[in-house]
There are 2 protein chains.
Amino acid sequence: MLYPNNIKKTFSKEISYKNRGMDLEYLIEKANIYYRDEDIAYIYKKPTPIKVVKAEYSHKGKRITDAFYEMPSTLDFNGLYKGYYIEFDAKVTKNKTSFPLSNVHPHQIKHIRNIYNHQGIVFLIIMINECYYLFPGKTFIDFIDSEKRQSIPYDYIKNFGYEIKPTLKGLDYIKIVDKLIGGNYEKN
Amino acid sequence: MLYPNNIKKTFSKEISYKNRGMDLEYLIEKANIYYRDEDIAYIYKKPTPIKVVKAEYSHKGKRITDAFYEMPSTLDFNGLYKGYYIEFDAKVTKNKTSFPLSNVHPHQIKHIRNIYNHQGIVFLIIMINECYYLFPGKTFIDFIDSEKRQSIPYDYIKNFGYEIKPTLKGLDYIKIVDKLIGGNYEKN
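Counting from 1, residues in each chain are numbered in the order their sequence is written. Whichever chain is written first is A, and whichever ligand is written first is 1; the rest continue in order. Residue-level local features of this predicted model are given only where pLDDT is at least 70; pairs of side-chain atoms are given and counted only at 80 or more, and the full residue set underlies all totals for whole chains, interfaces and linings. In computing side-chain properties, one takes all heavy atoms of the structure into account and sets aside hydrogens as well as water.

Draft legend 1. Looking closely at the packing of helix H2 (residues 106-117) of chain A against helix H3 (residues 137-146) of chain A. Residues and elements named next belong to chain A. For every element, the axis is a line fit to its C-alpha atoms; helices are fit only across the contacting stretch, and the angle between N-to-C directions ranges from 0 to 180 degrees. Helical segments are the DSSP runs of H or I of at least four residues, strand segments are the runs of E of at least two, and each set is numbered from the N terminus. Between H2 and H3, whose axes approach to 10 Å, the crossing angle comes to 125°. With respect to H3, the element H2 is oriented oblique. Where H2 crosses over H3, the two elements pack in a sense that is left-handed. Here Ile-109, Ile-112, Arg-113 and Tyr-116 of H2 lie close against H3, whose contacting residues are Gly-137, Lys-138, Phe-140, Ile-141, Ile-144 and Asp-145. Side-chain classes are defined by residue name, with Ala, Val, Leu, Ile, Met, Phe, Trp, Tyr, Cys and Pro counting as nonpolar, Asp, Glu, Lys and Arg as charged, and the others, Gly among them, as polar. Across the contact of H2 with H3, the residue classes break down as six nonpolar, one polar and three charged. The cut-offs work like this: below 35 degrees is roughly parallel, past 145 is roughly antiparallel, 65 to 115 is roughly perpendicular, and the gaps in between are oblique. Crossing handedness: left-handed means the near helix sits turned counterclockwise from the far one by under a right angle, and right-handed means the same turn made clockwise. Working rule for contacts: check all heavy atoms of both residues, and any pair within 4.5 Å makes them a contact.

Pasting the structure below:
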C-alpha cells in the first residue's frame, strides 16, 4: 500500500467530490446545448481565465507552454433567455446538513449583488445530498445580510430553493427561470 | 538583413495591426472598468478558450505546460446594462474603403443573429480609418441578407454606425447603447 489508510481515504474522497462537480457541470452544459439546439436560450460556460507566462510559435500556431489558472471574479455561466440577462454558478457540497458560504468567494458575492441590482437573473445551482437546487441570488443575498451563520442550512435551501430533477436533457433549469421571471423572484 | 524586404514589411505591418487590435481592446476594457467602478454596467471580456493538453501539479498549484487557443464561437465581450443583455466584438481593419466580412467568422454571424432574435443588444465596434464605430447587429445582419458584397463600404459604416470618440474614460460606448435601447435599433 502506497499511502497510509487515512490519507488514501481523504484523497479518494476529494477526487470523488471533484468528479461530482464535473458531473454537475456536465448536466448543466447538456441543458445549455439542448437550449441552443432548440433555439430556447444562449447560455455558455465562460472559459476559466488563465495567465499565460510563456507561449511559443510553431508551424502548428501559437502554443502555450507555461500558464496558470486565475480566480474568476464573476460566475461561471452567463447568457441570454427571452431578453433577460442570466448568470449563475454551479456549487457542490459534500456537507449533508448545510451549504458552507466559503464555497462562494467574496468577490462572487459582490458580483451576485451587482447583477441582481441591475435587473439580471442571478442564482446558484447547489448540489447537496445528491439533489440539485436552483437558489435565487436575491434569497442568497438576503440570507447573508440577515443571518450571522457561515452556512445555509439544508432545510433553508429546500424551502427557498427550487429542486431540479435531472432528465435526458440534462439539468433543465430554465423551467425554474421561467418561474422567477413570472414570479418576480418570489417562490410560487 | 535577416528577411527580404517584402517579408519584413508584411511582418511589421501585421504586428502594427495586431497592436491596434490591442489598443481597441484596451480602450474598451478601460470603459468597462469605469462602468463597473461607477456601478453603471457589468460587462467583461470573456477569456479566450484554451484546450489544455498537459498540466502539472506542483507546490505552486496546477500549472499548464501545454495548451493551445481555441476559436471562440461567441463574441468577445458580454454583460449586463439596465437589465439588458449586451454582447459585442471589437474588430479592426486596415482597409480604408471597406470592412471585409471575412473579419467575422460564420459562427459569429450566426450568433449575432441568435442574440438579436432573442432580444439581446448585439453589435460590433469597428475600428477603420483611425475612427471607432458602434455598428448594430441588426444593421450588420440586414447588410449580409440584402447585399452580395463581401465587405461593408466605409460610407455605409459612417451612415448606419455611430461614431465613438475615445475620451479619458476609454471608448464610452454605453452612451450609444442608450440610444439603441431608446430608439429600438433605429438610428436617431
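Don't stop here, the text continues.
Draft legend 2. Structural context of the nonpolar core. We call a set of buried residues a nonpolar core when its members are Ala, Val, Leu, Ile, Met, Phe, Trp, Tyr or Cys and they connect through side-chain atoms within 4.5 Å of each other. Three exposure classes are used, based on accessible area relative to the maximum for each residue type with a 1.4 Å probe and protein chains only: buried under 20%, partly exposed in between, and exposed over 50%. Core analysis: the biggest nonpolar cluster contains 48 residues, and A:Phe140 and B:Phe140 have the highest contact counts within it. Non-local contacts of A:Phe140, meaning those with residues more than four positions away in its chain, are made with A:Leu101, A:Val104, A:Ile109, A:Ile112, A:Leu124, A:Phe135 and A:Ile152. Core analysis: the next-biggest nonpolar cluster, separate from the first, contains 27 residues, B:Leu27, B:Ala31, B:Val92 and B:Phe123 among them.

Draft legend 3. Structural view of the side chain of A:Thr139. All names here are of chain A. Inspection of the secondary structure assignment puts Thr-139 in helix H3. Residue classification places Thr-139 among the buried residues on the basis of a relative accessible area of 12%. In this structure, Thr-139 is in contact with Tyr-156 and Phe-160, ignoring residues within four places of it in sequence.

Draft legend 4. Up close: the interface of chain B and chain A. The interface of chain B with chain A comprises 34 residues on the first partner and 34 residues on the second. Here a salt bridge means any side-chain nitrogen of Lys or Arg lying within 4 Å of a carboxyl oxygen belonging to Asp or Glu. Inspection of the chain B/chain A interface yields two salt bridges. Between A:Arg63 and B:Asp66 there is a salt bridge, and its shortest N-O distance comes to 2.9 Å. Of all elements in the fold, only strand E1 (42-45), strand E2 (50-58), strand E3 (61-69), strand E4 (77-81) and helix H2 (106-117) of chain B reach the threshold of two or more residues within the side of chain B that touches chain A. With eight residues, E3(B) is the largest single contributor of residues to the side of chain B that touches chain A. Of the residues in the side of chain B that touches chain A, the class split is 16 nonpolar, 12 polar and six charged.

Draft legend 5. Local environment of unusual backbone geometry. Of note, A:Asn129 is a non-glycine position whose phi angle comes to about 50°, a positive value. Note on placement: A:Asn129 falls in the loop between strand E7 (121-128) and strand E8 (131-136). Even without being a glycine, B:Lys82 presents a positive backbone phi close to 50°. Secondary-structure assignment places B:Lys82 in the loop between E4 and strand E5 (84-92).

Draft legend 6. Examining the sheet that holds strand E10 (residues 162-164) of chain A more closely. All names here are of chain A. Strand order in the open sheet made by the six strands is E1-E4-E5-E7-E8-E10, with mixed pairing throughout. Where the open sheet ends on each side, the last strands, each with one partner, are strand E1 (42-45) and E10. On average, adjacent strands in this sheet sit at an angle of 25° to one another, irrespective of strand direction. Criterion used throughout: strands pair if DSSP finds at least two bridges between them. Looking at chain direction, E1 and strand E4 (residues 77-81) are connected through four bridges and run antiparallel. Paired with Lys-45 across the two strands is Phe-77, which belongs to E4. On top of the sheet, H3 reaches E7 and E8; it is set at about 75° to E8, its chief contact.

Draft legend 7. Region of the structure containing the relation of the copies chain B and chain A. All copies are superposed by least squares; the fitting set is the C-alpha atoms of residues with a pLDDT of at least 70 in both. Between the two copies, chain B and chain A, the superposition gives an RMSD of 0.0 Å; the rotation angle is 180° and the shift along the axis is 0.0 Å. The superposition of one copy onto the other is thereby described by a two-fold rotation axis. In this assembly the copies share their binding face: 100% of the residues contributing to the interface of chain B also contribute to that of chain A.

Draft legend 8. Seen up close, the pairing of E8(A). All names here are of chain A. Within E8, six of the six residues are buried, leaving the element largely enclosed by the surrounding structure. Judged by which residues are buried, E8 turns out to be covered on both faces: Cys-131, Tyr-133 and Phe-135 on one side and Tyr-132, Leu-134 and Pro-136 on the other are all buried. Sheet topology places E7 next to E8; six bridges connect them, and they run antiparallel. Residue pairing for E8: Met-127 is matched across the bridge by Tyr-132.

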